[in-house]
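# Close look at the chain arrangement
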Amino acid sequence: MRDLVTVLYNDFETLDVFGPIEILGRLTDQFNPLFYSLAGGIVTSSQHVPVMTEPLSELDSTRYVLLIPGGTGARDLVDDDMFIPAIRSLAEHAEFILTVCTGSILLSRTGILNGRRATSNKRVFAWTRTAPEVIWEQRARWVTDGTIYTSSGVSAGMDMALGFVADQLGYPLAHQVSQEIEYEWNEDPGHDPFSALYP
């Protein structure tokens, strides 16, 4: 079993987190969802959903998947001299890294994505120019580069999470989960009709 370490901050995007958590959290023999923030305590999403978190300083997991969501709160953290180093340390020790939406922008600030392929929310894709060392793919629902998975905006995180399950645990299980939650899984990571809306 791997811990699923989700890093939260105020004004994170609710579905960025709970879409993947719905998918991965159903696989109770494989993933153990945990919620952390820089200081711990209650963190509130953009849609005013409060989540109790533990402080990152208390994380002692040695086998974990790191999940970094996006959200309007990310704008306040891209240059934060406490948050970004904390994310870098987590990313350096994670077995896998999953980002949703502008979570990839936060990860890019750590340098971990330099020279790697990644994507982000197409509505704010111009923001990726702040990290020119990353090979940004504008037309992609999600991108896999080694152990790092990055996805486009909001609901794309669910497609990515199912893709991650398919890669690590097999396509039949991913398909089964998509059926259980009555979700029409976009199985093609390159199928991204939303990129055309934001040229």
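All values derive from a computational prediction rather than experimental measurement. (Residues numbered from 1 in each chain as written. Predicted model: local features only at pLDDT ≥ 70, side-chain atom pairs only at ≥ 80, totals over all residues. Heavy atoms only, no water.)

### Points about the packing of helix α1 (residues 14–24) against helix α4 (residues 156–169)
Helix-helix packing is described using two parameters, namely the angle between the two axes and the distance between the axes. Direction vectors running N to C along α1 and α4 enclose 30°, while the axes themselves pass 8 Å from each other. As far as their axial angle goes, α4 and α1 are roughly parallel. The element α1 and its partner α4 pack so that their crossing is right-handed. Within the contact between the two elements, α1 uses L15, G19, P20, I23 and L24 and α4 uses G157, M158, A161, L162, F164 and V165. Considering only residue class, the contact of α1 with α4 consists of nine nonpolar, two polar and no charged. (Axes fitted to C-alpha atoms, helices over the stretch in contact; angles between N-to-C directions. Helix = DSSP H or I, 4+ residues; strand = E, 2+ residues; numbered from the N terminus. Parallel < 35°, antiparallel > 145°, perpendicular 65-115°, else oblique. Left-handed = near helix turned anticlockwise from the far one by under 90°. Contact = heavy atoms within 4.5 Å. Nonpolar A, V, L, I, M, F, W, Y, C, P; charged D, E, K, R; others polar.)

### As for the nonpolar core
Counting 62 residues, the largest nonpolar core has L24, L66, I97, L106 and L107 as its most contacted members. If one sorts the elements of this core by residue count, α4 sits on top with seven residues. Other than its neighbours up to four places away in sequence, L66 contacts V5, V7, I87, L90, A91, A94, F96, I97 and L98. (Core = buried A, V, L, I, M, F, W, Y, C linked by side-chain atoms within 4.5 Å. Buried < 20%, exposed > 50% of the residue type's maximum accessible area, 1.4 Å probe, protein only.)

### Side note on the environment of T119
Looking at the element boundaries, T119 is found in the loop between β7 (117–118) and β8 (135–136). Using a relative accessible area of 0% as the deciding quantity, one classes T119 as buried. Residues T119 and I135, spaced 16 residues apart in sequence, show a C-alpha to C-alpha distance of 8.4 Å. A polar contact is formed between the side chain of T119 and the side chain of K122, at a distance of 3.2 Å. Of note is the side chain of T119, whose polar atom sits 2.7 Å from the backbone oxygen of E137. (Polar contact = N/O pair within 3.5 Å; in protein donor to acceptor, adjacent residues only side chain to side chain.)

Note that every value here comes from positions in space, so none of it alone points to a role or purpose.
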